[in-house]
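# Inside the fold
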Amino acid sequence: MASVSLKHIYKKYPGGVTAVSDFCLEIKDKEFIILVGPSGCGKSTTLRMIAGLEEITEGELFIGDRIVNDIAPKDRDIAMVFQNYALYPHMTVFENMAFGLKLRKIPKEEIKRKVEEAAKVLDIQHLLDRRPAALSGGQRQRVALGRAIVRQPKVFLLDEPLSNLDAKLRTQMRTELTKLHQRLATTFIYVTHDQVEAMTMATRIVVMKDGLIQQVDSPQNLYDYPVNMFVAGFIGTPQMNFINGTIEKNGSDIFFCFGKNKLQLPAEKANNEALQEYIGKEVVAGIRPECIHDEPIYLESLSNWVIDAHVEVTELMGSCIYLYVVADEQNLIANVNAHSSSAVGADIKVAVDVNRLHIFDKDTEKCIVH
């Protein structure tokens, strides 16, 4: 097993295009780390540099205590699972899983044992004689994982392995991957643009944008304490609401104001030293949809923070309803009880849980106070 260390890694292409900039990350042994971000943010390029499929322009890459910048992919003791599975169509499942071992001149009996063990872990023993064309997407994905498992690598690299599966199978495979990581006790480095995958599987998440790391943290900390508006908006479904407004002071009280609404900030936020510099200035407030309520119990308990809103769209999700509302020309999404009576076209009152409000600098987009 191995840790992975990336020290000031850059990837620059001819023509002055920099895909990854000053990437520094320490990945612990047995960690399940996920690189997440929008298309083109550099996450797959970073993974391919770890695999040795892309050359590192600057910086040092260590697997364990060995620097591997100039070591061939086959000698890095890693295994990679691709988005498109990359199975050989003319080979059976057994032959696909055994292929890498045969190249290494492993004895036949040992190959058979390792393939059968991996097939049992992935519940594909009954598929060993089939060819990839006769398999479903989920089964092909398991075969691709099995081919990686039999090599018993120090590090698993997975590049959007679930993106070709349908929604139900993706959910099932997330659980299977988590179990697999626990069973193998190996370092997993996983790339996805799907923040739900990142939130549900990772021990730590690396959020990337334009080749730069925005934040590295546990899923819960990313959700509760985003360092900037990009992370706040990227993590969470539906995404965080952003409201343009100003910070105002009246006596010892501090308010976030937008339109005709004045939301008094609780003491722990109001007393934050960093916020004092923004009094009288424009800021952006962030509030998650589940922190906006239309139920009477919340309208009463959060009565100081009730605002008027107009319902434009409702989406019943089964366990809840998403209300798309407008409040003082600001578009907001509220995640409310599935039995909510708020209807399209209605003027309603909603309570904003200001205890969960985030305040961001309008220019730098960095978080001032959580």
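In this report, the structure presented in the accompanying data block is examined. The structure presented is a predicted model; accordingly, all values stated were derived computationally and were not measured.

### Regarding the overall build of the chain
From N to C terminus, the chain includes 11 helices and 21 strands. Principal-axis analysis of the C-alpha atoms gives the chain an extent of 80 × 45 × 35 Å. Residue pairs in contact within the chain that sit at least 24 positions apart in sequence constitute 66% of those at least 6 positions apart. In the structure as shown, the chain presents an accessible area of about 17600 Å², 49% of it carried by carbon and sulfur atoms. Between the mean site of the 42 positive side-chain charges and the mean site of the 48 negative ones, the chain shows a separation of 10 Å.

### Quick look at the sheet that holds strand β20 (residues 358-361)
Spatially, 6 strands are ordered β13-β12-β11-β14-β20-β21 in an open sheet, and the strand pairing comes out antiparallel. Either end of the sheet is taken by a strand with one partner, and the two such strands are β13 (261-264) and β21 (367-369). When strand polarity is set aside, the average angle formed by the axes of neighbouring strands in this sheet is 45 degrees. Of the pairings in the sheet, the one linking strand β11 (residues 241-250) to strand β14 (residues 282-287) comprises 6 bridges and is antiparallel in character. Counted as the bridge partner of T246 is E282 from β14.

### Notes on unusual backbone geometry
Negative phi is the rule for most residues except glycine; trans is the rule for most peptide bonds. Omega for the peptide link from T237 to P238 comes to -10 degrees, which places this bond in the cis form. Inspection of the secondary structure puts P238 in the loop between α8 (229-234) and β11. Even without being glycine, H8 reaches a positive phi, approximately 50 degrees. Its place among the elements puts H8 in strand β1 (residues 4-13).

### Points about the side chain of H293
Mapped onto the elements of the fold, H293 is located in strand β15 (residues 292-293). For H293, a relative accessible area of 9% puts it in the buried group. In this structure, H293 is in contact with Y298, L299, L302, V336, K349, V350, A351 and D353, ignoring residues within four places of it in sequence.

### Looking at the side chain of H181
For H181, the location among the structural elements is in helix α5 (residues 167-184). Those residues in contact with H181 that lie beyond four places of it in its chain are K30, E31, F32, T186 and F188.

### Overview of the sheet that holds strand β2 (residues 17-27)
Pairing is antiparallel across the open sheet formed by 4 strands, whose spatial order is β2-β1-β4-β5. Of all strands in the sheet, those bounded by a partner on one side alone are β2 and β5 (66-67). Of the strand pairs in this sheet, strand β4 (residues 58-63) and β5 are connected by 2 bridges, and their pairing is antiparallel. Considered in β5, the bridge of F62 is made with I67. Of the strands in this sheet, β1, β2 and β4 are in contact with helix α1 (residues 43-51), which crosses β1 at around 115 degrees.

Procedures and definitions
Residues numbered from 1 in each chain as written. Predicted model: local features only at pLDDT ≥ 70, side-chain atom pairs only at ≥ 80, totals over all residues. Heavy atoms only, no water. Helix = DSSP H or I, 4+ residues; strand = E, 2+ residues; numbered from the N terminus. Contact = heavy atoms within 4.5 Å. Areas by Shrake-Rupley, 256 points an atom, 1.4 Å probe, with all protein chains shown as cover. Lys, Arg positive; Asp, Glu negative; His and termini not counted. Charge placed at Lys NZ, Arg CZ, Asp CG, Glu CD. Pairing = 2+ DSSP bridges. Axes fitted to C-alpha atoms, helices over the stretch in contact; angles between N-to-C directions. Buried < 20%, exposed > 50% of the residue type's maximum accessible area, 1.4 Å probe, protein only.

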